[in-house]
Amino acid sequence: MTRERLEILREADAILRELGTPLLIHQPSYSMLNRWIEPDLLDALGELGVGCIVFSPLAQGMLTDKYLHGIPEGSRADRPYSLSTGLLSDEALAKIRALNEIAGRRGQTLAQMALAWTLRDPRVTSAVIGASSVAQLEDNVAALENLALSDDELAEIDRYATDSEINLWAASSEA
């Protein structure tokens, strides 16, 4: 996040507090493959006492088991909007498969580990998930059963959980 954008955030916070309506929540996109909020935005939100409710913590479904073996017919990536097949590059899929292996060793699905990872930072107060079925919702909620990530797991995850240029909302964030 640019210095200018951080100053706008701080200015907006000050104006809202002056008006008696404090800024309570910021809602950025954030996932293992979209880490742009680290550290600047999270630090600023922490300093201001503003909560952070992240959206797209499963990277438009990329951090699920859906695309591990190709693009299923009828999936988001199979449709002409939202998730471009270009985002599912060989490099991105290699990262996703490695993260899936780590999740398996933790006894979790990739989606569950991705949600636990997203919630690991206390400045992230919540995550908005987009489940398209009851089964997906139940799988996502089951992430709460194992939120703890060891330092060794975090180090291994960080080898693969790197920015993959999937912030579909970057242009609107900078406008």
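Look a little higher up for the structure.
Described below are features of the structure shown in this document. Quantities reported herein were computed from a predicted structural model and do not represent experimental measurements. (Residues numbered from 1 in each chain as written. Predicted model: local features only at pLDDT ≥ 70, side-chain atom pairs only at ≥ 80, totals over all residues. Heavy atoms only, no water.)

1. What about the overall build of the protein?
Selection rule: Numbering of helices and strands runs from the N terminus; a helix is a DSSP stretch of H or I covering at least four residues, while a strand is a stretch of E covering at least two. Think of it in three bands: residues with accessible area under 20% of the maximum for their type are buried, residues over 50% are exposed, and the middle band is partly exposed, with areas taken using a 1.4 Å probe on protein chains only. Every residue pair with non-hydrogen atoms within 4.5 Å of one another is taken to be in contact. Calculation of accessible area relied on Shrake-Rupley with a 1.4 Å probe; when residues are assessed, cover is drawn exclusively from the protein chains displayed.
Helix and strand content of the protein: seven helices and three strands. From first element to last, N terminus to C terminus, the protein shows the α and β order α-β-α-β-α-α-β-α-α-α. Relative to its full complement of 175 residues, the protein shows a buried share of 40%. Of all intrachain contacts in the protein linking residues separated by at least 6 positions in sequence, the fraction that spans at least 24 positions is 74%. About 9,500 Å² of surface is accessible on the protein, with carbon and sulfur atoms providing 53% of the total.

2. Re helix α3 (residues 90-105)
The line we're drawing: The span one expects for a helix is its residue count, reduced by one, times 1.5 Å.
When the terminal C-alpha atoms of α3 are compared, their 23 Å separation across 16 residues agrees well with the 22 Å that a helix rising 1.5 Å per residue should span. What α3 keeps buried is the set A92, L93, K95, I96, A98, L99, I102 and A103. Tucked into the core, α3 has its buried residues touching α4 (110-118) and α6 (151-160). Just beyond α3, the residue with positive phi is G107, at close to 75°.

3. Some remarks on the packing of aromatic side chains
This is how the line gets drawn: Pairing of aromatic side chains here covers Phe, Tyr and the six-membered ring of Trp, requires ring centres within 6.5 Å, and sorts the geometry by plane angle: under 30 degrees stacked, over 60 edge-to-face, intermediate tilted. Only when the NZ of Lys or the CZ of Arg is both within 6 Å of the ring centre and within 35 degrees of the ring normal is a charge said to sit over the ring.
Per the stated rule, a full pass over the model turns up one aromatic pair. A cation over a ring is seen here: R120 above W117, with NZ or CZ 3.8 Å from the ring centre.

4. Things to note about the nonpolar core
What counts is decided by this rule: Buried Ala, Val, Leu, Ile, Met, Phe, Trp, Tyr and Cys residues that are joined via side-chain atoms within 4.5 Å together make up what is termed a nonpolar core.
In terms of nonpolar packing, the biggest core is built from 41 residues, with M32, L99 and I157 touching the most fellow members. Listed by contribution, the elements that provide at least two residues to this core are α1 (3-18), α2 (40-48), β2 (51-55), α3 and α4. Those residues in contact with I157 that lie beyond four places of it in its chain are M32, L99, I102, M113, W117 and L149.

5. A closer look at the pairing of β2
Here is the rule we go by: Should DSSP find at least two bridges between two strands, the strands are taken to pair.
Where strand β1 (residues 25-26) and β2 come together, two bridges link them in parallel fashion. When the sheet's bridge partners are listed, I25 is paired in β2 with G51.

6. Quick notes on the side chain of S29
We count it as follows: Side-chain atoms alone can form a polar contact between residues adjacent in sequence; in general such a contact is a pair of N or O atoms within 3.5 Å, and within protein one must be able to donate a hydrogen while the other accepts it.
Tracing the chain through its elements places S29 in the loop between β1 and α2. A polar contact of 3.0 Å, which involves the side chain of S29, links it to the side chain of N34.

7. So, the sheet that holds β1
Note the cut-off: An axis is simply a line fitted to the C-alpha atoms; with a helix, the fit covers only the stretch in contact. Between two such axes, the angle follows the N-to-C directions and lies from 0 to 180 degrees.
Read across the sheet, three strands follow the order β1-β2-β3 without closing on themselves; strand pairing throughout is parallel. Looking at which strands have only one partner, the edges of the open sheet turn out to be β1 and β3 (124-128). Taken together, the four bridges between β2 and β3 define a ladder with parallel strand orientation. Bridge pairing links V54 to A127 in β3. On the sheet, α2 packs against β1, β2 and β3 and is oriented at approximately 145° with respect to β2.

8. Focus on the environment of N34
Inspection of the secondary structure puts N34 in the loop between β1 and α2. With a relative accessible area of 3%, N34 lands in the buried category. Residues N34 and D163, 129 residues apart in the sequence, show an inter-C-alpha distance of 5.0 Å.

9. Let's talk about unusual backbone geometry
Cis rather than trans, the peptide bond between E38 and P39 has omega equal to -20°. Located in the positive-phi region is A59, a residue other than glycine, with phi close to 50°. The backbone of Q60 shows a phi angle near 60°, a positive value even though the residue is not glycine. If you trace the backbone, Q60 turns up in the loop between β2 and α3.

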